[in-house]
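Coordinates in review
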Amino acid sequence: MVIKDGVVHSAPGVAGGEEPDFDTWLSQQLQFNEPHLDDDGFCERVMTDLPPVPAKRSERRATRYQYAAVVAASAIVCWQFPLEDVLTAMAAQSISLYSLVGLAVVSSMAAMTGGILAARR
């Protein structure tokens, strides 16, 4: 591989011209000393026009709204859950009430935790 005037050429004598080594070409391109282009203050104007970084207070408020949304969604699911049918089936099959309630609590906590973590990303 030969670089002439910033252009990569195949090495002389190589039949078919192998693919040039991109890493070598890139490192050589990055070492060129190009003159600085004056942008007449454009970058500074763009940086000053960018919106300010949100305050920590608004981030906390957003997090509270996310928590409230997860709790409200969980309450709606619990409200729609056929608890009476489950208790009847449990009594008919003699399932341990404590194990069923424990399983429900653990699964709902896992669902809420997953919702909160997903909302924070």
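First, a word on scope: everything that follows refers to the structure included in this document.

What counts and how
Residues numbered from 1 in each chain as written. Predicted model: local features only at pLDDT ≥ 70, side-chain atom pairs only at ≥ 80, totals over all residues. Heavy atoms only, no water. Helix = DSSP H or I, 4+ residues; strand = E, 2+ residues; numbered from the N terminus. Buried < 20%, exposed > 50% of the residue type's maximum accessible area, 1.4 Å probe, protein only. Contact = heavy atoms within 4.5 Å. Areas by Shrake-Rupley, 256 points an atom, 1.4 Å probe, with all protein chains shown as cover. Patch = residues over 30% accessible without salt bridge, like charges linked within 9 Å, V, L, I, M, F, W, Y side chains within 5 Å. Salt bridge = Lys/Arg side-chain N within 4 Å of Asp/Glu carboxyl O. Lys, Arg positive; Asp, Glu negative; His and termini not counted. Charge placed at Lys NZ, Arg CZ, Asp CG, Glu CD.

Turning next to the overall build of the chain. Scanning the chain from N- to C-terminus turns up five helices and two strands. What you see in the chain, going N to C, is helices and strands ordered as β-β-α-α-α-α-α. Looking at the chain as a whole, 2% of its 121 residues are labelled buried. Considering only contacts within the chain whose residues lie at least 6 apart along the sequence, 33% involve residues at least 24 apart. Within the structure as shown, the chain displays about 10700 Å² of accessible surface, and the carbon and sulfur contribution to it stands at 63%.

On to a nonpolar patch on the surface. On the surface, F42, V46, M47 and L50 cluster together to form a nonpolar patch covering roughly 400 Å² of accessible area. With respect to the helices, strands and loops of the structure, V46 is situated in helix α2 (residues 42–49). Its relative accessible area of 35% is what places V46 among the partly exposed residues.

So, about a negative patch on the surface. A surface patch of like charges, here negative, comprises D38, D39, D40 and E44. Positionally, D40 belongs in the loop between α1 (22–30) and α2. Accessibility expressed as a relative area gives 62% for D40, which makes it exposed.

Right, let's talk about the environment of A73 for a bit. Relative to the helices and strands, A73 is located in helix α3 (residues 56–80). According to the relative accessible area criterion, A73 is partly exposed, its value standing at 41%.

Turning next to a positive patch on the surface. A contiguous patch of positive charge on the surface is contributed by R57, R60, R61 and R64. Mapped onto the fold, R61 is located in helix α3.

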